[in-house]
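Each chain, written out:
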Amino acid sequence: MSNAAVTRPSWGEWPRAKRRQLVLATYASFSALTAALWWQVNQIPGLEWWLVPWIGLFALTSIAGLFAMRVVTQHVGEADDAVLDERQRFVRDSAHRSAYYTVCILFTLAIIFSPKALVVLPSAILLFNTLPSAIIAWKEPEPA
Amino acid sequence: MNTPSRRKSSNSNGSSLHNRLSVLRAERNLSRQDLAQALGINYQTVGYIERGDFNPSLELVFRISELFSLPIEAIFSRTPLTPLSEAVYSRKEQTFI
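Turning our eyes to something else, we now look at the overall build of chain B. Each helix and strand in chain B was counted, giving 6 helices and 3 strands. Along chain B, helices (α) and strands (β) appear in the sequence β-β-α-α-α-α-α-β-α when read from the amino end. Every one of the 97 residues in chain B was classed for burial, and the buried ones make up 28%. When contacts within chain B are restricted to residue pairs at least 6 apart in sequence, those whose partners lie at least 24 apart make up 55%.

The next thing to look at is the overall build of chain A. Within chain A, the secondary structure is distributed over 5 helices and 0 strands. For chain A, the succession of helices and strands along the chain, N to C, is α-α-α-α-α. Going through the 144 residues of chain A one by one, you find that 8% of them count as buried. Of the contacts formed within chain A by residues at least 6 apart in sequence, a portion of 54% connects residues at least 24 apart.

The next subject is the nonpolar core. With 14 residues, the main nonpolar core has Ala-36, Leu-39 and Val-46 of chain B as its most contacted residues. Going through the elements one at a time, α1 (21-27), α2 (32-39), α3 (43-51) and α4 (58-68) of chain B are the ones with two or more residues in this core.

Below, the discussion takes up the domain arrangement of chain A. All names here are of chain A. Domain boundaries in chain A define domain 1 (1-84) and domain 2 (86-144). Each partner contributes residues to the interface: domain 1 has 6 residues there, and domain 2 has 5 residues. Taken together, the residues of the side of domain 1 that touches domain 2 sort by class into 4 nonpolar, 1 polar and 1 charged.

Procedures and definitions
Residues numbered from 1 in each chain as written. Chains lettered and ligands numbered in written order. Predicted model: local features only at pLDDT ≥ 70, side-chain atom pairs only at ≥ 80, totals over all residues. Helix = DSSP H or I, 4+ residues; strand = E, 2+ residues; numbered from the N terminus. Buried ≥ 20, exposed ≤ 12 C-beta atoms within 10 Å, placed from the backbone. Contact = placed C-beta atoms within 7 Å. Core = buried A, V, L, I, M, F, W, Y, C linked by C-beta atoms within 7 Å. Domains from an automatic or database assignment. Nonpolar A, V, L, I, M, F, W, Y, C, P; charged D, E, K, R; others polar.

Okay, structure coming up:
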């Protein structure tokens, strides 16, 4: 079995504490970028000029953090089956499941706190809760 | 007791599997990278299997068994494994008696 992940450099040997620091730093930067952009979009008078370099800085650190996380995890999160072994596939699938439900919760909260989008809440909740089952129902082969 | 030769796993699916992989690898002077390349898996996966953090699939267990030319039950067990030397010598003594 060919496995590209085998030959990749062992950058993924970062200790867990260091990896978690990287995740926290990246999301802190990402949150700051979001807050700065929100501030800019809402055009609070007299604040735009000094926000621009901060937006640039947070954008750069967010992108750098995103890239570093991918390197540190040896790109397991977004790799195809062909380049992963069975444990890596299990880790990736498990991460995607957790990510899916995290995104669902965040979107639901965003809809709840955004009165204009509240009309799509029932559809969103229905979609979020049925999509994995719908994909499985669509893809599973004939029963044995 | 958890020695490198008798690892016990208690991973995410709740099942537990003991193995002698690290001893067999050391006996044959193989690094994790060597074994990983021979098996077509990531070298970290070898470490996770040895440590008992990941239970390999049946297909991978067969490949490991074939690679070491040993029966599966000599490498993996659902019950704690005795040290390899103890297992071999107690068998020899029984044969002499």
